[in-house]
Amino acid sequence: MTKILFLLPLLAVLSGCRTEPSEGTCTLENFLSVVLAEDVPREIPAWDKSSKYEIICRDADKVSYRATDYQYTGGAHGSTSVRVGTVDRKTGRKYELADIVPENRHGELLRKVREDIAIRRYGAKSYAEWRARKEIAFFDEPQLTENFYFDDQAIHFIYNQYEIACYADGIIEAIVPR
């Protein structure tokens, strides 16, 4: 009973009902009698949200970060999202891909991203061989993303759940040596 009393104001807002009778509107009592009579859970599922922020690498000129957010709002599973970036320490400006790779080299970079995903993530001999196997279908062909960070050795591209592949594949990272 305590849980129901605690949820009364919330249920009133969610249902659009008023706590006092009014012509042409439902009452909270009527709403609750319908909800409680049905074979439905008596509690609103617990929501969970957490965030984690970390510095991946830094030097005198730049700092790279990773922000991971997790939330569960009901359903089969929660959802994790990773945002990364590299910031110029002098200006505070976040680097864009065009700042570190000339646009005329984006095609070559994309080929390397796709090869890395196929070989390192899925154990294929090449991107073409992996795509021919059709073991796991991409939602979309991997494209270059602004969700990247870089260090002295490589550029790291992060693809979140459902962005290029199914949920079960998780977060996919492509690493391209610089």
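Residues numbered from 1 in each chain as written. Predicted model: local features only at pLDDT ≥ 70, side-chain atom pairs only at ≥ 80, totals over all residues. Heavy atoms only, no water.

A.B. asks: Just give me the short version of the packing of aromatic side chains, but keep the residues and values in it.
C.D. replies: Enumeration according to the criterion identifies 5 aromatic pairs in this entry. Ring centres 6.5 Å apart and planes at 35° place the aromatic pair Tyr127 and Trp130 in the tilted group. One end of the pair, Tyr127, and the other, Trp130, are both in helix α5 (residues 127-133), 3 residues apart, so they sit about a helical turn from each other. The pair formed by Tyr127 and Trp130 is uniform in burial state, with each residue classed as buried. Seen from their ring centres, Phe148 and Phe157 are 6.0 Å apart, and the 40° between their planes marks the pair as tilted. Grouping residues by exposure puts Phe148 and Phe157 together as buried. (Phe/Tyr/Trp six-rings, centres within 6.5 Å; stacked < 30°, edge-to-face > 60°. Helix = DSSP H or I, 4+ residues; strand = E, 2+ residues; numbered from the N terminus. Buried < 20%, exposed > 50% of the residue type's maximum accessible area, 1.4 Å probe, protein only.)

A.B. asks: Give a description of the environment of Arg58 that names residues and reports values.
C.D. replies: Tracing the backbone shows Arg58 in strand β1 (residues 48-58). For Arg58, a relative accessible area of 60% corresponds to the exposed category. Each C-alpha atom, one on Arg58 and one on Val87, is 9.4 Å from the other, the two residues being 29 residues apart in sequence.

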